[in-house]
Amino acid sequence: MSVVIETTLGDLTVDLFTDERPIACLNFIKLCQLKYYNFNLFHTVQQNFIAQTGDPSGDGDGGSSVWGVVEGSQKRFFEAEYLPKIHHSSAGLLSLVSAGKNLVGSQFFFTLGENLTSLDGTHCVIGEVVEGHELLRKLNDAIVDDNFRPYQDIRITHTVVLEDPFPNPRGFQVPSRSPSPSVERLKNGRIAADEDIDDTDGKTMEEMQEMLAEREAKARATILEIVGDLPDADMAPPENVLFVCKLNPVTTDDDLEIIFSRFGVVKGCEVIRDRKTGDSLQYAFVEFEDQKSCEAAYFKMDNVLIDDRRIHVDFSQSVSKVTWRGKGRGVTGSDGKLDFNNLRESNGKSQASKARTDRRRDGNDRINNERSRMSSAERRKARELRHQEQKDGDSRIRGNNSHRSRSRDRSNRHQEQKDHDSRVRGNNSHRSRSRDRNDRHQERKDRDSRARGNNSHRSRSRDRNDRHQEQRDRARGSNSQRSRSRDCNDRFQERLDRRRSISRERSDRRNASPNRGNHYSAERRRQEDRRDRSRDRDHRPALRNQENLHRQVEDKSKKYKEDRSESSTKDRKRLALEKESKTKKKSKRDTSSSSDSSDSSDDSESSSSDSSDDSSSSDERSKHKKSKKSKHKKSKSKNKHKSKKKHRK
């Protein structure tokens, strides 16, 4: 069971507890059907508490139940159910306002906070908001006066009952249309809901500029909060701290403290320095004990000459040392000083750390008292001593750095020497490896040469077979080339014959035509003759090319035949020479064997002569073999040269 409540800020959808609160829900539904809540004003809005409405007059003390509207004012209130108990435990609950003694009428409210136990047992919870929690947030942020009444009107414009499970009371009539707003309902309004509010109305130009400056400052603070430079946009810097810039690098903390102490008690003065080098960054922060002293120094010290530099003074905008604890302007400790470590202290700082800070504070106070008792000359001497100590410390640091740099250089030199030695060792090992590799390659070459010597006889026979195969392939290629050239010649001759027959047919037709003697036919014949001549002229180069190809093929075939005949004659001669040499060898062997058998009883002189004869015959044989080999090599080179020439052609 739901009801939609339309307002000037948006719409709300409410689910009613019809089982737990039947009488109270019946009263609320029937009032919504009568359009009793139309144009009712939210007359009370308390932040994080309630937003109350339901009074047609807008005063907060009117309203009547449905029975009072139908039957009369004597039934203005009725007694609502309070069992079972429903607590105001969350935001968005709808409750009827009690007038006392469990009597309720037409007024109701929405809860804007959680765990509102003060309302339990007094007011009657009848439903909860299921849609429109954004409208509740807008109600919670409404601007109100001291009596919690909004400055700008927030009204109910219409109510819609989605389902009604209850019967109508006696004399109840539903209106045909929504009623128009009456004067009574609109009399307590302030600023209409649809009226534009002009913030600059009635303000001077200076006030308007100040308002614009505040808005810009808020916008900048919001941007800084988004970026992360500020913990909160509403956070403000301390008002007793001055920012001093454009300082001379030689100006120290003590100098500034002495100069600014004429306006009041200076709690702290710090010149900001570089972390690594310790050089001044030429700006400082001066903290006073009270705000008046800070304002006096701001007005008097701007553009003052300090150490031949004109300084600039402004209020500090830094919040880096302020610990955030909510909206406000920082936190002050028990001793009246700004407590920068208050969060750590509140989270259980140890007694030892507290005692340490107290001792440090006492020591600082003693030093400050001693400084206050010193004269200006003593302060100058003390400052010079501090500067001298700082310089001595810097020189010691530089000396340590130079000693370290010398030791680093020495170690670097030793490392370079080691690297050089390791490189030399690496080169020597590389050379020895390269020598071993060369030896292995030489052994492999020797092995290969021996294998080649064993296989030379086989390779010669293979070469002979390869040569015969090449000759056969060349013969086949020349034959195929001849056949191709013959085919080309045949095709070309067929085309020529075809064209000649076509030209003959045309000439016969011309001669047989009836218009042969006319001027037109003669002109046409001339044109056709010209065309035929041009065709013949175009085909002449093709014919020449074809004839040249035919001649080249014939020349190649003739050369191939001649080469073949020469090679065959040479082979025959070589075979004849080999046969002759074999026969000579056999005859010599036979003669030598016969001479050995017949002259076995001869003396040593005859044997020596025979041995000399044998040596001479072996010399002749070796010479004959060498001559044959040289002839064979020459014939091979000639054949190769001729074959290369043929391929080039």
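Further up the page is the structure itself.
Residues numbered from 1 in each chain as written. Predicted model: local features only at pLDDT ≥ 70, side-chain atom pairs only at ≥ 80, totals over all residues. Heavy atoms only, no water.

It is worth spelling out the side chain of Ser98 at this point. Along the polypeptide, Ser98 turns up in strand 6 (residues 93-98). By relative accessible area, which is 15% here, Ser98 ends up buried. There is a polar contact of 3.2 Å between the side chain of Ser98 and the backbone nitrogen of Gly100. Reaching out from Ser98, the side chain makes a polar contact with the backbone oxygen of Thr122 at a distance of 3.4 Å. Look past the residues within four positions of Ser98 in its chain and what remains in contact with it is Tyr82, Leu103, Val104, Thr122 and His123. (Helix = DSSP H or I, 4+ residues; strand = E, 2+ residues; numbered from the N terminus. Buried < 20%, exposed > 50% of the residue type's maximum accessible area, 1.4 Å probe, protein only. Polar contact = N/O pair within 3.5 Å; in protein donor to acceptor, adjacent residues only side chain to side chain. Contact = heavy atoms within 4.5 Å.)

A contiguous patch of positive charge, built from Arg437, Arg440, Arg444, Arg447 and Arg450, is present on the exposed surface. Among the structural elements, Arg444 can be located in helix 10 (residues 376-512). Classification of Arg444 as partly exposed rests on a relative accessible area of 40%. (Patch = residues over 30% accessible without salt bridge, like charges linked within 9 Å, V, L, I, M, F, W, Y side chains within 5 Å. Areas by Shrake-Rupley, 256 points an atom, 1.4 Å probe, with all protein chains shown as cover. Salt bridge = Lys/Arg side-chain N within 4 Å of Asp/Glu carboxyl O. Lys, Arg positive; Asp, Glu negative; His and termini not counted. Charge placed at Lys NZ, Arg CZ, Asp CG, Glu CD.)

This brings us to the pattern of salt bridges. Across all of its chains, the model carries six salt bridges by this definition. Of the charged contacts, one joins Lys30 and Asp164 as a salt bridge, the two residues approaching to 2.6 Å between their closest N and O atoms. With a gap of 134 residues between them, Lys30 in helix 1 (residues 22-33) and Asp164 in the loop between strand 9 (156-161) and helix 4 (183-186) connect regions that are remote in the sequence. Overall, Lys30 belongs to the buried group, its relative accessible area being 0%.

This part covers the nonpolar core. In terms of nonpolar packing, the biggest core is built from 38 residues, with Leu16, Phe28, Phe110 and Ile126 touching the most fellow members. Secondary structure elements with two or more residues in this core: strand 1 (2-7), strand 2 (11-16), helix 1, strand 6, strand 7 (103-111), strand 8 (124-131) and helix 3 (133-140). The element best represented in this core is helix 1, accounting for seven residues. Not counting residues within four places of it along the chain, the set of residues in contact with Leu16 comprises Met1, Val3, Cys25, Phe28, Ile29, Leu94, Ile126 and Gly127. Counting residues in hydrophobic clusters, the runner-up holds 18 residues, among them Val244, Val266, Val271 and Val313. (Core = buried A, V, L, I, M, F, W, Y, C linked by side-chain atoms within 4.5 Å.)

Hydrogen bonds along the backbone pair up the strands of a sheet, which may run parallel or antiparallel. Ordered in space as 11-12-10-15, the four strands form an open sheet in which the pairing is antiparallel. Every other strand in the sheet has two partners, leaving strand 11 (266-273) and strand 15 (312-315) as the edge strands with one partner each. When strand polarity is set aside, the average angle formed by the axes of neighbouring strands in this sheet is 20°. Direction of pairing for strand 10 (residues 241-245) relative to strand 15: antiparallel, over a ladder of four bridges. Note that in strand 15 the partner of Phe243 across the bridge is Asp314. Of the strands in this sheet, strand 10, strand 12 (280-288) and strand 15 touch helix 7 (residues 291-301), which is tilted by about 150° from strand 15. (Pairing = 2+ DSSP bridges. Axes fitted to C-alpha atoms, helices over the stretch in contact; angles between N-to-C directions.)

So, about the pairing of strand 6. Counting buried positions along strand 6 gives six out of six residues, so the element sits mostly inside the fold. In the sheet, strand 6 pairs with strand 7 via four bridges, with the strands oriented antiparallel. Along strand 7, the bridge assignment pairs Leu94 with Phe110. Hairpin connection from strand 6 to strand 7: four residues lie between these consecutive antiparallel strands, with Gly100 at a positive phi of about 115°.

We now examine helix 7. Among all positions in helix 7, only Ser293, Cys294, Ala297 and Met301 are buried. The arc that holds the buried residues of helix 7, viewed along the axis, is 100°, so those residues lie on one side. Turned more than 90 degrees away from the buried face of helix 7 sit Lys292 and Phe299, all of them exposed. In this structure, the buried residues of helix 7 make contact with strand 10, helix 6 (253-260), strand 12, strand 13 (305-306) and strand 15. Phi for Asn303, located one or two positions after helix 7, is positive at around 65°. (Arc of directions from axis to C-beta.)

Turning next to unusual backbone geometry. In this model, Leu83 is joined to Pro84 through a cis peptide bond whose omega is -5°. A positive phi is found at Lys246, a non-glycine position, where the angle reads about 65°. By the secondary structure assignment, Lys246 is in the loop between strand 10 and helix 6.

In total, this model carries 12 aromatic pairs according to the counting rule given. Seen from their ring centres, Tyr283 and Phe285 are 6.3 Å apart, and the 85° between their planes marks the pair as edge-to-face. Exposure remark for Tyr283: the relative accessible area of 28% places this residue in the partly exposed category. For Phe285, a relative accessible area of 22% puts it in the partly exposed group. An aromatic cluster of three or more residues is present, and its members are Phe28, Tyr36, Tyr37, Phe108 and Phe110. The residue whose ring lies beneath Lys30 is Phe172, and the NZ or CZ to ring-centre distance is 5.6 Å. (Phe/Tyr/Trp six-rings, centres within 6.5 Å; stacked < 30°, edge-to-face > 60°. Lys NZ or Arg CZ within 6 Å of the ring centre and 35° of its normal.)

This is a description of form; function is not addressed.
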